[in-house]
Amino acid sequence: LFHHIRFVHNPVVQHKHTQSKYKYDKMFISKKTKAKIRDRRKKNLAASKTKTKGTSKRNDTSSSSSTKRKLSAIIPSNTNATDRIVDDDRNDDDDNNHTQQQEEVVSNEEYNVTVPTGLNGKELKKFRKDARRTFRTRNVGINEGLLQFVDEEGTPLFKPPPNTTDDTNTNETPEVDEQETPPPTPPPTKKRKRLKIFPRINDLLAEAAETKRTDKLQAKKDTYENSIPPSEKANYVALDCEMVGIGAEGKQSALARVSVTDWAGATLLDTFVQVPDKVTDFRTFVSGVRAKDIRIGSAAMELHACRRKVGGILNGKVLVGHALKNDFAALMLNHPKLDVRDTARYKPFMRTSGRGGGKLRPRRLRDLAKEHLDLDLQMEGEEHSSVDDAKATMMLYKLVRGKWEKEAEGVVAEKLRRSGKR
């Protein structure tokens, strides 16, 4: 204990009574040492209580036995008197036992814990656990089996656990209640009825108007498309290509896949193309092309054969596509400018930029398809499909075909007029 005690002294002033050299003003004890002292006091107090109980019981038994011996020695022949004396001793023992039981009952009532009503199984289990923990901290050295849970009327709810810590009761069997009373069940709660949410009239009217408008537009598109003769529809094809990277850093593009569709979206050509140079970047996350698709000896078409076949399909056709400049560079082909319908260069499909919106910039095919067609295309993290891109460009062209063709005819007439003047 002296390791944790520090004395503050004053060497100048001497004590009045002892006339010692130092004066002790204060004594500091750490919190840890105080806790140890409290625990030691509790243990000593509990041990002294148990010792006093044991000695009192032994003294009572020894005194009763000694009185019996003395009485038997004094009156050996008179059996009736001895019997009466023994009966009196038994009655005294019964009275002592009864008083001891009353004292035990009174002492056990100190360890009764009243369980509040309305607890479910989980809450009741937590309550009992917290009560045991509090009992162990407050009553050091006392058997936990004395703790008993009762209801508000005082009736026990659970049978007490067997006493394993006390050495004197190891051979005794624990008492078991004949019928264990279940814990009180909480009263049933009324289930709230979910309110039915009905749509508002304005929302229903707006939805009906939107459906009517879309149906009207679709009917108009159908009538317009039915008015186009099949021979004219056969003049339109859509093209889209997928490229891979070649060169030191994979920045140069090389053709890896070609897809061509017609007016109705049917696939005219869809093939992988062999790359004669070493591929440094397959761009699989965008192009969807892998090494096995364009390996020599696979089903991929040879580059020059693919160029000839694509050129034969595009000959005399009106070509529709998005950013066709890149596709022409990969195919190493050209097409008449008057027969090209590039959705990336069509002004109504472009976005304005710069001061005052004087410059026009091309938009992504994904954004145009979502805005005008309500079509999810080229989603983030998914591989692109050249067939789907070609179909989407053809659908975009159908939306504005009438206006686009009138503008194209005006451009042709202007060129003819200028050429006639020259």
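Worth saying up front: this structure is predicted, and the values here are computed from it rather than measured.

**Q** Explanation requested: unusual backbone geometry in the structure shown.
**A** Negative phi characterises most residues that are not glycine, and trans characterises most peptide bonds. Within the chain, Ala-323 stands out as a residue other than glycine whose phi angle is a positive 55 degrees. By secondary structure assignment, the location of Ala-323 is in the loop between strand S9 (318-321) and helix H8 (324-331). Notably, Asp-374 is not glycine yet its phi reads approximately 55 degrees, a positive angle. In this fold, Asp-374 is placed in the loop between helix H9 (365-373) and helix H10 (386-399). Classification of Asp-374 by relative accessible area gives exposed; the value is 62%.

**Q** What am I meant to see in the packing of aromatic side chains here?
**A** Remark: the centre distance and the inter-plane angle together describe each pair of aromatic rings, the angle taken between the planes. In the structure shown here, the tally under the stated rule is five aromatic pairs. Centroid distance Tyr-236 to Trp-263: 5.4 Å. Interplanar angle 55 degrees. Geometry classified as tilted. Of this pair, Tyr-236 sits in strand S5 (residues 236-246) while Trp-263 sits in the loop between strand S6 (252-262) and strand S7 (267-272); the two residues are 27 residues apart in sequence, bridging distant segments of the chain. Residue Tyr-236 is classed as buried on the basis of its relative accessible area, which comes to 4%. Taken together, Tyr-236, Trp-263, Tyr-346, Phe-349, Tyr-397 and Trp-404 form an aromatic cluster joined through their ring pairs.

**Q** Would you mind showing me how to read the pairing of S9 here?
**A** Looking along a regular strand, one sees the side chains alternate between the two faces of the sheet. On S9, burial covers both faces: Val-318 and Val-320 on one face and Leu-319 and Gly-321 on the other are all buried. By the bridge criterion, three bridges tie S5 to S9 in an arrangement that is parallel. Paired with Tyr-236 across the two strands is Val-318, which belongs to S9. Two strands pair when backbone bridges link them, and S9 and strand S10 (residues 340-342) are joined in this way by three bridges, in the parallel orientation. Counted as the bridge partner of Leu-319 is Val-340 from S10. A crossover connection joins S9 to the parallel S10 through H8; in handedness this β-α-β unit is right-handed.

The rules behind the values
Residues numbered from 1 in each chain as written. Predicted model: local features only at pLDDT ≥ 70, side-chain atom pairs only at ≥ 80, totals over all residues. Heavy atoms only, no water. Helix = DSSP H or I, 4+ residues; strand = E, 2+ residues; numbered from the N terminus. Buried < 20%, exposed > 50% of the residue type's maximum accessible area, 1.4 Å probe, protein only. Phe/Tyr/Trp six-rings, centres within 6.5 Å; stacked < 30°, edge-to-face > 60°. Pairing = 2+ DSSP bridges. Right-handed = clockwise from strand over helix to strand, strands pointing away.

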